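Summary of structural features
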Amino acid sequence: MKTDALPSLLRAFFHSWMGHQRNLSPQTVTSYRDAWRLFLRFVSGHVGRPVAALKLEDLAEAEVLAFLQHIESTRSVSIGTRNCRLAAIRSFFRFVAEREPAASSQCAAILRIPTKKTSSRDVCYLDEEEVAAILRQPDRSTPEGQRDHALLSLLYNTGARIQEALDLRPMDVRFKAPAQVRLVGKGRKERVCPIWDETAQLLAALLKRIPRGEDERVFVNRYGQPLGAAGVRYRLDQYVDAAAKSLPALVKKKITPHTFRHTVGVALVSAGVDITVIRNWLGHASLDTTNHYARANLETKRRALEKLGKTTRPDKPPRWRRNADLLSWLDSL
């Protein structure tokens, strides 16, 4: 195997395979790039050689497993993030297996590393009062505050992913009735979402204050550069802290830009909107994802329970609850 095989394969993987052959989205390429930056730096420190001197055989199954353990224990990433890093590594070795027969055993061992299962947590969402409290925090007399208010209002109106909203351009917005925005989601899938007239007016006012070209990003930082998701999260944390002074319940919630997406999903379920419409609205690939919002909404569950006729409701505990021996046995398990 060539000593320069690794740089050549990585270059072919990112530029030829991901970019030209698969035509994957820039977001996917960036995610895989970040995963490989972390992985190569980890292996470099592990084997005691600079990244430029690493060989393909250095990236063995043991190194991948050690890296996954490292990012979970030391970097404290979630299991979901751990699995995403593994997916980026697997994808590369699947690519290598077809081009380097000598590395087939190494590739097979890495491809057998399983994803880790994770327990599904309850969806975190906001009620109307909490959303209103957060939206009151940006100082709309400043360009940054007006931008943040318009951005958060758009997230709450559409349920857009943060990057979908940050990629918005003036040409994607229809300001006249019926107002709407065109969003480009995962896998470059496009969808159109209706927006309230108030949201259209907020976007129009922002563009009047901070003019942008038709093909330029609507949301920019103070230097006129496209706003990043990290910057939005930082500002949102400040607004949540300020809003929590009047609504202490916000302190118990982990609120991110994605929380607004969950809030829209739960609100649509509560309003009785058909689940397939919600899936298309939010751009979900599967109904299973959309169904999380139906399970999350306690009020929807309560209304479903109230629909049960009184004749079907038990007037005494079910038979198994009245059987003390059975209960004792179950408790012993």
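See the structure printed just above.
Position numbers for residues count from 1 along each chain, tracking the sequence in the order it is written. Side-chain atom pairs in this predicted model are given and counted only at pLDDT of 80 or more, local residue features only at pLDDT of at least 70, and totals for whole chains, interfaces and linings cover all residues. Side-chain measures were taken over the full set of non-hydrogen atoms in the model, leaving aside hydrogen atoms and water.

Let's talk about the pattern of salt bridges
A carboxyl oxygen of Asp or Glu within 4 Å of a side-chain nitrogen of Lys or Arg is what we treat as a salt bridge. Taken as a whole and assessed by the stated rule, the structure comprises 15 salt bridges. Its salt-bridge partner being Glu72, residue Lys116 comes within 2.9 Å of it at the nearest N-O pair. Within this pair, whereas Lys116 is found in the loop between helix H5 (104-111) and helix H6 (128-135), its partner Glu72 is found in helix H3 (residues 61-73), the two being separated by 44 residues in sequence. Residues joined by salt bridges that share partners form a network here, namely Arg169, Asp172, Arg182, Glu190 and Asp215. Under the scheme used here, helices are H or I runs from DSSP no shorter than 4 residues and strands are E runs no shorter than 2 residues, and both carry numbers assigned from the N terminus.

As for empty space enclosed by the protein
Cavities and pockets were defined on a 1 Å grid built over protein atoms only: a cavity is a set of grid points that admits a 1.4 Å probe from which the probe cannot escape, a pocket is an open set flanked by protein on both sides within 12 Å along at least five of seven lines, and lining residues are those with an atom within 4 Å of any such point. Grid points are joined across faces, edges and corners, and a volume is the space filled by probe spheres set on the points. Within this structure, the stated rule accounts for one cavity of 30 Å³ or more. In this structure, the largest cavity encloses a volume near 40 Å³. Of all the secondary-structure elements, those providing two or more residues to the lining of the largest cavity are helix H7 (143-158) and helix H10 (229-243). Broken down by element, the residue count for the lining of the largest cavity peaks at four residues, all from H10. Following the grouping adopted for this structure description, the nonpolar residues are Ala, Val, Leu, Ile, Met, Phe, Trp, Tyr, Cys and Pro, the charged ones are Asp, Glu, Lys and Arg, and the polar ones are all others, Gly among them. Here the lining of the largest cavity is composed, by residue class, of five nonpolar, no polar and two charged.

Considerations on the packing of helix H1 (residues 5-21) against helix H2 (residues 26-47)
Closest axis-to-axis distance for the H1/H2 pair is 12 Å, and the angle between their directions is 175°. The pairing of H1 with H2 is recorded here as roughly antiparallel in orientation. Across from Leu10, Phe13, Phe14 and Met18 in H1, the residues of H2 making contact are Thr28, Val29, Tyr32, Arg33, Trp36 and Leu40. For the contact of H1 with H2, the class distribution of residues is eight nonpolar, one polar and one charged. To get an axis, a line is fitted to the C-alpha atoms, and for a helix only the part in contact is used. The angle between two axes follows their N-to-C directions and goes from 0 to 180 degrees. When describing relative orientation, an angle under 35 degrees is termed roughly parallel and one over 145 degrees roughly antiparallel, while 65 to 115 degrees is termed roughly perpendicular and anything else oblique. Two residues qualify as a contact provided that any one of their heavy atoms is within 4.5 Å of a heavy atom in the partner residue.

Notes on H1
For a helix, the expected span equals 1.5 Å multiplied by the residue count minus one. In a regular helix each residue adds 1.5 Å, so 17 residues correspond to 24 Å; H1 covers only 20 Å between its end C-alpha atoms and thus falls short of that length. The sharpest bend along H1 comes to roughly 35°, located at Phe13. Only protein chains enter the accessibility calculation, which uses a 1.4 Å probe; a residue is then buried when its area is under 20% of its type maximum, exposed when over 50%, and partly exposed in between. All of the buried residues in H1 are Ala5, Leu6, Leu9, Leu10, Phe13, Phe14, Trp17 and Met18. For H1, the elements touching its buried residues are H2 and helix H4 (79-97). The first or second residue beyond H1 is Asn23, which carries a positive phi of 55°. Bend, in this description, refers to the angle at a residue between axes fitted to the seven residues ending there and the seven starting there.

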